[in-house]
Amino acid sequence: MQGGLFRDFYRRIGKEASFDVVQAEQAFWAMLREAGVEVRLEVPLDRVGVEAGRLTLLETPMGTVGAPYFVDATDTADLAFRAGASFTQGREDTGLDGRSMAAPLSLITI
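Participant: Would you take a moment to explain the overall build of the protein chain for this structure?
Facilitator: On a plain count of helices and strands, the protein chain comes out with three helices and six strands. Along the protein chain, helices (α) and strands (β) appear in the sequence α-α-β-β-β-β-β-α-β when read from the amino end. Within the protein chain, residue pairs in contact and separated by at least 24 positions form 42% of the contacts whose partners lie at least 6 positions apart. As displayed, the protein chain has an accessible area near 7,900 Å², and 55% of this comes from carbon and sulfur atoms.

Participant: What is the right way to look at the sheet that holds strand 3 (residues 54-60) in this model?
Facilitator: Two orientations exist for strands paired in a sheet by backbone hydrogen bonds: parallel and antiparallel. Here we have three strands laid out as an open sheet, ordered 2-3-4, and antiparallel in their pairing. Strand pairing shows two members of the sheet lacking a second neighbour, strand 2 (47-51) and strand 4 (63-66), which therefore form its edges. Looking at each pair of strands side by side, their axes are set apart by 20 degrees on average, direction ignored. Strand direction decides the pairing type here: strand 3 and strand 4, joined by four bridges, are antiparallel.

Participant: Whenever I open this one, the nonpolar core confuses me. Can you help?
Facilitator: Considering soluble globular proteins, one finds that nonpolar side chains tend to be buried as a cluster. Core analysis: the largest hydrophobic core is formed by eight residues, namely L45, V48, L55, L58, V65, A67, F70 and L79. The next biggest cluster of nonpolar side chains, apart from the first, holds five residues, and it includes F9, I13, A24 and M31.

Participant: Is there a simple way to think about the packing of helix 1 (residues 4-12) against helix 2 (residues 21-34) in this case?
Facilitator: Axis angle and axis distance: for two packed helices, these are the angle between their axes and the distance between the axes, and together they describe the pair. With their axes 9 Å apart at the nearest point, helix 1 and helix 2 run at an angle of 135 degrees to one another. Between helix 1 and helix 2, the angle is such that the two are oblique. Considering how the two elements wind past one another, helix 1 and helix 2 form a crossing that is right-handed. Mapping the contact onto sequence places L5, D8, F9 and R12 in helix 1 and Q23, A24, A27, F28, A30, M31 and E34 in helix 2. Here the residues of the contact of helix 1 with helix 2 sort into seven nonpolar, one polar and three charged.

Cut-offs used in this document
Residues numbered from 1 in each chain as written. Predicted model: local features only at pLDDT ≥ 70, side-chain atom pairs only at ≥ 80, totals over all residues. Heavy atoms only, no water. Helix = DSSP H or I, 4+ residues; strand = E, 2+ residues; numbered from the N terminus. Contact = heavy atoms within 4.5 Å. Areas by Shrake-Rupley, 256 points an atom, 1.4 Å probe, with all protein chains shown as cover. Pairing = 2+ DSSP bridges. Axes fitted to C-alpha atoms, helices over the stretch in contact; angles between N-to-C directions. Core = buried A, V, L, I, M, F, W, Y, C linked by side-chain atoms within 4.5 Å. Buried < 20%, exposed > 50% of the residue type's maximum accessible area, 1.4 Å probe, protein only. Parallel < 35°, antiparallel > 145°, perpendicular 65-115°, else oblique. Left-handed = near helix turned anticlockwise from the far one by under 90°. Nonpolar A, V, L, I, M, F, W, Y, C, P; charged D, E, K, R; others polar.

Structural data, given as structure tokens:
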């Protein structure tokens, strides 16, 4: 049995193995809003601020963003790279092959 966030998401989409994609997206966005998560889509990075090995702020053409947590959900890992984080791209960490995976273009700040 799954719990936590997945259980809440599963409940919101009707507890079915197959579900309507629009309904699932609406449930996902509702969960983000309720958690106070600010999502920024397709925002170019000008600069990142790192203090004591921790990402503290982002500078974008629209202004400076500070948050306790940042999630880089892009397919390029640009934020992770600029912040100096250890990361892998695609499936290289599996050792299976050099293919890449698809990923959404979004940045989430919490």
